[in-house]
Amino acid sequence: MNLFDYLFNNYQIVLQRTSEHIIVFLISWSASVLIGLLIGILITREKMQKYTNFVLTLSSIAQSIPSVAIIALVFLFFGIGKLTAIFSLFIYSLVPVIFNTASGIINIDKTIIEVAEGMGMSKKEILFKVELLIALPTIFSGIRNSAVINIATATVAAVIGGGGLGVIIFTGLAHYNVSIIFAGVLPVSILAITIDSILAILEKKLVSKGLLYEEGKL
Amino acid sequence: MPIKFINVSKKFKDVYAVKNLNFEIDDKKITVLIGPSGCGKTTTLKLINRLIERTSGEILINGLSIDKIDKIELRRKIGYVIQEIGLFPHYTVFDNIAVVPKLLNWPKNKIKNRVIELLNLVNLDFKEVINKYPYELSGGQRQRVGVARALAADPELLLMDEPFGAIDPINREILQDVLLNIQKKLKKTILFVTHDIREAIKLGDKIAVFKDGEIQQYDSTINLIKNPKNKFIENILGINAKLNYLEFVKVEKFIEKDFLVTNSISNINKIEKECLIIFTNKFEGFVLKTDIKKGHIKIRNDYVTPDQSVLEALNIMFKHNIHCLPVIEKNNEIKGIIKYEKIILK
Ligand SMILES: Nc1ncnc2c1ncn2[C@@H]1O[C@H](COP(=O)(O)OP(=O)(O)O)[C@@H](O)[C@H]1O
Ligand SMILES: [Mg+2]
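Summary of the structure given here. None of these values were measured; they are calculated from a predicted model.

## What about the overall build of chain B?
1) Next: Summing up its helical and strand segments, chain B has 15 helices and 15 strands in all.
2) Next: Overall, the C-alpha framework of chain B stretches about 75 × 50 × 35 Å when taken along its three principal axes.
3) Next: For chain B, the residues scored as buried account for 53% of the 346 residues in total.
4) Next: Taking all contacts inside chain B whose residues are at least 6 apart in sequence as the whole, residues at least 24 apart take part in 58%.
5) Next: When the accessible surface of chain B is totalled, it reaches about 16,300 Å², and 48% of it is carbon and sulfur.

Set out below in structure tokens:
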């Protein structure tokens, strides 16, 4: 039996599962990036700063909860279905975005923020011209992390009705069929690598060259 | 922009960071704040651009309370330079200097020209540095960019908080000279914080000595050196203060007109003035009153330029055992004379 048999003979199924996977990923991941950035920014605003460390601790604990546990929990409350899957993926990939956005901003040297203020930048200008730009490398690693985790976890979410390539993998596992398993594993890996590479290129474009050398403080 | 502090205090919790400040910062002059660490220098500076809000008292800029000016607007009119890490690491030199002009929506061309002008002003080769990031610059270069950035929108007031504190001594001297040159050209009101008395004497028109959040003495540099009010000020001044002063003060501050000019000394046996300067179409030498009394006329060739230090003038006087020297500009223009008594008495 050839490793590629199932893939070649059922490429339409594989394509369809792949596009399901991509859709579930895109919806849940973009929501977590948007909302994660928003929360990360909000909890680092002056008035919220007393809670920043609390949220950071909470989200670093949350990051160590296994994805299956989150999926199981969401399943308990919302039952089976695509929305359940999307929601649990959203929750799970939200955490690294919040964590990295907040810690990236909070770790910027306070004097830099103070100088920005002293020069007459408004809070908004400081956020968009200083804080986010300096925190961008950290934010990007959160976003990339979130994407990879999301694509991987989406596979598991198949068990609660998420569809996608996980369906193929679980079928293969149930039949001890390596060719079927492979037909799910290969596209999911390619997907993860592709998305991460796209984000890496984007990161290189957007992050200032001045931040590449973190040799001591400037 | 003259600044007036009226009974200004700042408390953090129950502790005064500065207490009952009453003083006036002169327009277009350099005022230095000096004192030991934690005495309230930085707080005083930040009270002006309202990075710290005072607990009580009033601060007037141009006679207007700083509360009456929009905070953001106020800050954009005040240049702010701090020690070391003040530059934005993610911006190039150009973008760092352009920050405030961009906030003020200057047209692109005007910003570009201004940045180049400022880099020249702080003696940086703009072609070399304009596209570099802070990490690619030396400490001295960064600090120059910091000064250029603070001057970008041509503020009347400059707040400088130990700007050269982290720079090695040689480069610090150079940066101080750069600042003095800029000040000569631009005439800003500068409030300069330092804990280096040498720097204070070199740069300050006036010096305010702080201790525990209060001003111990506020006076012109020379008055402070001549009449320290108490032991604490004496200790701050150290033993070299007078010498430092003579080293940094320029001959031009002591020029007197007690001289005559002649183009020939053939029939001179008596002069009214202290000093007779011989001048044809250039400086040829000088004769002192005392040199004639002795029966023969002695022609001397020494002189100083107005921008030399008084210490240099004194050196020449000691060397030749004379009490005055002609002050001649480099283009041979006669400025006057400088006298020993005047230096020592003043
Ligand atoms: N944000 C702050 N919170 C509490 N205390 C402060 C704060 N800033 C300054 N202080 C205190 O105020 C005093 C004066 O500080 P500062 O103005 O920074 O002194 P200097 O610049 O002369 O070294 C110090 O005792 C310092 O600990
Ligand atoms: Mg200080």
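## Focus on the overall build of chain A
1) Next: Scanning chain A from terminus to terminus reveals 9 helices and 0 strands.
2) Next: Its helices and strands in sequence order give chain A the pattern α-α-α-α-α-α-α-α-α, from N to C terminus.
3) Next: Principal-axis analysis of the C-alpha atoms gives chain A an extent of 70 × 40 × 25 Å.
4) Next: For chain A, the proportion of its 218 residues judged to be buried stands at 46%.
5) Next: Look at the contacts in chain A between residues 6 or more apart in sequence, and 77% of them connect residues 24 or more apart.

## Observations regarding the site of ligand 1
Residues and elements named next belong to chain B.
1) Next: Taken together, the residues surrounding ligand 1 are F12, A17, S37, G38, C39, G40, K41, T42 and T43.
2) Next: Here an oxygen atom of ligand 1 and a backbone polar atom of G38 are 2.7 Å apart.
3) Next: Taking 560 Å² as the accessible area of ligand 1 by itself, protein coverage stands at 55%.
4) Next: Take the shell around ligand 1: its biggest share by element is 3 residues, from helix α1 (residues 41–48).

## What about a positive patch on the surface?
Residue and element names in this part refer to chain B.
1) Next: A surface patch of like charges, here positive, comprises K29, K184, K187, K250 and K253.
2) Next: Summarising the element assignment, K253 is placed in the loop between α12 (241–248) and β11 (259–262).
3) Next: Judged by relative accessible area, K253 falls into the exposed class, the value being 51%.

## Considerations on the environment of L58 of chain A
1) Next: Looking at the element boundaries, L58 of chain A is found in helix α3 (residues 49–63).
2) Next: In the structure, L58 of chain A is positioned 37 residues away from V95 of chain A in sequence and 9.3 Å away in space, judged by C-alpha atoms.

## A few points about the sheet that holds strand β6 (residues 78–82) of chain B
All names here are of chain B.
1) Next: Read across the open sheet, the 6 strands follow the order β6-β7-β8-β3-β9-β10; overall the sheet is mixed. A single partner strand is all that each edge strand has here, and the edge strands are β6 and β10 (214–220). Shown here is a sheet whose adjacent strand axes are inclined to one another by a mean of 15°, direction ignored.
2) Next: As defined by bridge partners, strand β9 (residues 206–211) adjoins β10 across 6 bridges and the pair is classed as antiparallel. Paired with F210 across the two strands is I215, which belongs to β10.
3) Next: Against the sheet, α1 touches β3 (30–34), β6, β7 (157–161), β8 (189–194) and β9, its axis set at about 150° to β7.

## A closer look at the pairing of strand β4 (residues 56–61) of chain B
All names here are of chain B.
1) Next: Examined bridge by bridge, strand β1 (residues 3–12) and β4 share 5 bridges and lie antiparallel to one another. In the strand pairing of β4, K4 is matched with L60.
2) Next: Two elements, β4 and strand β5 (residues 64–65), share 2 bridges in a ladder whose sense is antiparallel. Residue pairing for β5: L60 is matched across the bridge by S65.
3) Next: If you look at the hairpin formed by β4 and β5, you'll find 2 residues sitting between the two strands, and N62 has a positive phi there, around 50°.

## Comments concerning the nonpolar core
Residues and elements named next belong to chain B.
1) Next: Counting 77 residues, the largest nonpolar core has I97, F192, L325 and I338 as its most contacted members.
2) Next: In terms of residues, this core owes the most to one element, helix α5 (residues 108–121), which gives 6 residues.
3) Next: Excluding anything up to four places from it in sequence, F192 contacts I30, T31, V32, L33, M160, P163, F164, L179, E199 and L203.
4) Next: Counting 72 residues, the second largest nonpolar core, distinct from the first, contains F5, I25, I82 and Y91.

Conventions adopted
Residues numbered from 1 in each chain as written. Chains lettered and ligands numbered in written order. Predicted model: local features only at pLDDT ≥ 70, side-chain atom pairs only at ≥ 80, totals over all residues. Heavy atoms only, no water. Helix = DSSP H or I, 4+ residues; strand = E, 2+ residues; numbered from the N terminus. Buried < 20%, exposed > 50% of the residue type's maximum accessible area, 1.4 Å probe, protein only. Contact = heavy atoms within 4.5 Å. Areas by Shrake-Rupley, 256 points an atom, 1.4 Å probe, with all protein chains shown as cover. Near = heavy atom within 4 Å. Polar contact = N/O pair within 3.5 Å; in protein donor to acceptor, adjacent residues only side chain to side chain. Patch = residues over 30% accessible without salt bridge, like charges linked within 9 Å, V, L, I, M, F, W, Y side chains within 5 Å. Salt bridge = Lys/Arg side-chain N within 4 Å of Asp/Glu carboxyl O. Lys, Arg positive; Asp, Glu negative; His and termini not counted. Charge placed at Lys NZ, Arg CZ, Asp CG, Glu CD. Pairing = 2+ DSSP bridges. Axes fitted to C-alpha atoms, helices over the stretch in contact; angles between N-to-C directions. Core = buried A, V, L, I, M, F, W, Y, C linked by side-chain atoms within 4.5 Å.

Keep in mind that these numbers describe shape and distance, not what the molecule does.
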